[in-house]
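Below are the chains, spelled out letter by letter.
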Amino acid sequence: MHLSSIRLDSPVTMIVVVVLTLLAIIAVPWFWDRWQRKRLWRSATILLAVVLLVLTTGLAGNLIGGFFPTLGSLLGTGVYSAPGTDAEAAQNGEDLEKLRDTGIAHARDGKGTVVHMKVSGRRTKLTRDVTVYLPPQYFDAAYKELRFPAVEWIPNYPSGPEVFTSGYHLPEQLDAAIAKMVLPPTVVIVPDPTGVPKVGHDTECVDEVNGTANDTYLTADLRDWALRKLGVSPNRRAWTIAGWSSGGYCAMNLVTRHPQWYGQAVSVSGYDKAQVDAETEDLFRGRQDINDANNVRVNVRLHPSPVDILAISGDKENYESFAIDQIRAAARPPIQFSSWRIPDAGHNMNTFKSQIPDVLAWIGAHTAGPAPAGRQVETTGGVLPWPLPRSGAHGALADTDQ
């Protein structure tokens with residue numbers, strides 16, 4: 001049984017756990033006198049009641065907040081295809097053509113096709129899980145000569161691509177937005193921003209000093225792969241990065257670091273700089289210059305570029321709202337910075353999901369639609385993320401890398 005099949009957001013699961021918790025609590029006084037000489041059993045009964053009470057509280061908070069739909073998303077295993085995925089593809093999507101019949105059948109019902117695969121980066125040599133949404137028009141002969149716009153959707157920590165379907169329920173929202181012509185037919189790429197192990201290893205989508213080149217994989221590697229394999233548009237205005245929570249920070253940080261590749265970013269409940277806490281160690285190893293290079297507030301002030309950014313927060317999200325205010329105050333032209341605040345909303349997935357229709361409408365209003373294929377652009381130029389891997393296993397990465 002995959003961890004992704006164990007639901008944490010099921011009311012049935014909640015009821016079962018509540019009943020077990022009540023029985024465990026009742027058992028403590030019920031057996032207390034009977035087990036007067038069995039101290040171990042007494043202790044076990046109390047421990048069981050406490051554990052179940054904590055579990056009940058956690059499940060209730062998760063059910064209300066909608067944080068983690070499955071045990072797999074909680075533990076962040078990131079090694080399986082989630083419920084709602086239509087197909088598994090070979091590594092790097094080498095056999096995507098086999099989905100043509102499935103895609104055409106889905107298109108008749110106005111639905112896109114969701115496919116899961118492993119993608120290896122040519123620069124970083126990292127291999128991670130990636131889920132891709134192909135719009136209903138993807139296998140349509142009328143669109144054969146057109147390049148689709150792309151959205152790179154960064155999941156929140158510690159989630160991976162599985163949350164795209166079982167947590168965010170984005171495919172249905174994308175189908176609806178495209179059908180209503182609120183969003184042009186768009187390819188959506190949902191990568192694993194963390195890799196494994198996940199717990200205690202929040203990467204914040206940055207190239208770690210003396211560590212993993214997460215930024216390089218998520219930008220240079222995935223964009224290069226998508227241009228070659230998915231046939232998306234090379235136009236930077238056709239590329240949007242979006243995300244919730246840590247994914248929101250990733251979206252804003254990556255778009256300000258790589259404006260040569262991306263035109264827009266959307267952040268819901270994101271913040272302005274990489275965190276340092278129990279889940280996120282000091283990713284920059286004390287290097288203040290690299291820390292500043294991954295600070296959205298610093299970049300929009302010192303390195304403004306022609307990108308559009310939308311930042312959303314709930315009015316109960318004090319830290320995120322403060323960060324957005326700081327970014328807005330620091331932003332300089334030609335950056336176009338927009339934001340709004342959601343009344344009576346906190347930092348949870350329900351807040352994010354409530355904003356999805358408006359987020360998709362904003363992306364649709366700012367992104368370039370499908371366009372004829374033009375000259376293939378160089379995807380390895382621009383400002384290289386720091387630090388690139390220095391070990392002999394990876395070697396130097398030249399701008400002529402094809």
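The structure presented is a predicted model; accordingly, all values stated were derived computationally and were not measured.

Colleague: Let's hear about the overall build of the chain: which residues, and what values?
Modeller: Helices and strands together make up the secondary structure of the chain, namely twelve helices and eleven strands. The buried share of the chain, reckoned over its 402 residues, is 54%. Sequence-distant contacts in the chain: of pairs separated by 6 or more residues, those separated by 24 or more amount to 76%. Accessible area for the chain stands at about 17,500 Å²; split by element, carbon and sulfur atoms hold 59% of it.

Colleague: So what about the sheet that holds strand β10 (residues 336-342)? Which residues, and what values?
Modeller: Ordered in space as β1-β2-β3-β6-β5-β7-β8-β9-β10, the nine strands form an open sheet in which the pairing is mixed. Pairing within the sheet leaves two strands with one partner each, and these edge strands are β1 (87-88) and β10. Note that strand β3 (residues 127-134) and strand β6 (residues 187-191) share four bridges and pair antiparallel. For V130, the partnering residue across the bridge sits in β6 and is P191. Along the sheet, helix α12 (residues 349-366) makes contact with β5 (150-154), β7 (239-244), β8 (264-268), β9 (308-314) and β10, crossing β8 at roughly 165 degrees.

Colleague: So what's going on with the UniProt feature "transmembrane region" (unreviewed entry) in the chain? Which residues, and what values?
Modeller: In this structure's numbering, the residues bearing the UniProt feature "transmembrane region" (unreviewed entry) are residues 12-32 and 44-68. The span residues 12-32 carries 100% helix and 0% strand; its end-to-end C-alpha distance comes to 30 Å.

Colleague: Tell me what's going on with the packing of aromatic side chains, and back it up with residues and numbers.
Modeller: The description of an aromatic ring pair rests on the distance of the ring centres and on the angle between the ring planes. Applying the stated criterion to the full structure yields nine aromatic pairs. For the ring pair W153 and F352, a centre distance of 6.3 Å and an interplane angle of 65 degrees mean the geometry is edge-to-face. Here W153, found in strand β5, pairs with F352, found in helix α12; they are 199 residues apart in sequence, far enough to count as distant. For the pair formed by W153 and F352, the shared burial category is buried.

Colleague: Before we move on, could you go through helix α7 (residues 214-230) and cite the residues and values that matter?
Modeller: Roughly 30 degrees is the biggest bend found in α7, and it falls at L222. Extensive coverage of α7 is indicated by the burial of 15 of its 17 residues. At the exit of α7 stands G231, carrying a positive phi of roughly 65 degrees.

Colleague: Lay out the environment of R285 in plain terms, naming residues and giving numbers.
Modeller: Looking at where R285 falls in the secondary structure, it is placed in the loop between β8 and α9 (288-293). Separated by 77 residues in the primary sequence, R285 and E208 place their C-alpha atoms 8.3 Å from one another. Among the polar contacts listed, one links the side chain of R285 to the backbone oxygen of D282, at a separation of 2.6 Å.

Colleague: Mind laying out unusual backbone geometry, listing which residues take part and the relevant values?
Modeller: The step from Y157 to P158 runs through a cis peptide bond, and the omega angle for that step is 0 degrees. Mapped onto the elements of the fold, P158 is located in the loop between β5 and α5 (163-166). Looking along the chain, the bond that leaves P333 and enters P334 is cis, with omega of 10 degrees. For P334, the position within the fold is in the loop between α11 (318-330) and β10. Even without a glycine there, the phi angle at N92 is positive, about 65 degrees. Within the element layout of this structure, N92 appears in the loop between β1 and α4 (100-108). A residue is classified by how much of its surface remains accessible, and N92, at 17% relative accessible area, is buried.

Colleague: Residues and numbers for the nonpolar core, please.
Modeller: In terms of nonpolar packing, the biggest core is built from 58 residues, with V115, V132, V187, W225 and L230 touching the most fellow members. Residue contributions to this core peak at eight residues, all from α7. Excluding residues that lie within four positions of it along the chain, L230 makes contacts with L96, V132, Y138, V187, I189 and W225. Residues Y133, L170, V188 and V359 belong to the second largest nonpolar core, which totals 29 residues.

Definitions and limits used
Residues numbered from 1 in each chain as written. Predicted model: local features only at pLDDT ≥ 70, side-chain atom pairs only at ≥ 80, totals over all residues. Heavy atoms only, no water. Helix = DSSP H or I, 4+ residues; strand = E, 2+ residues; numbered from the N terminus. Buried < 20%, exposed > 50% of the residue type's maximum accessible area, 1.4 Å probe, protein only. Contact = heavy atoms within 4.5 Å. Areas by Shrake-Rupley, 256 points an atom, 1.4 Å probe, with all protein chains shown as cover. Pairing = 2+ DSSP bridges. Axes fitted to C-alpha atoms, helices over the stretch in contact; angles between N-to-C directions. UniProt positions renumbered as here; feature names shortened; annotations may be inferred. Phe/Tyr/Trp six-rings, centres within 6.5 Å; stacked < 30°, edge-to-face > 60°. Bend = angle between axes of the 7 residues up to and from the residue. Polar contact = N/O pair within 3.5 Å; in protein donor to acceptor, adjacent residues only side chain to side chain. Core = buried A, V, L, I, M, F, W, Y, C linked by side-chain atoms within 4.5 Å.

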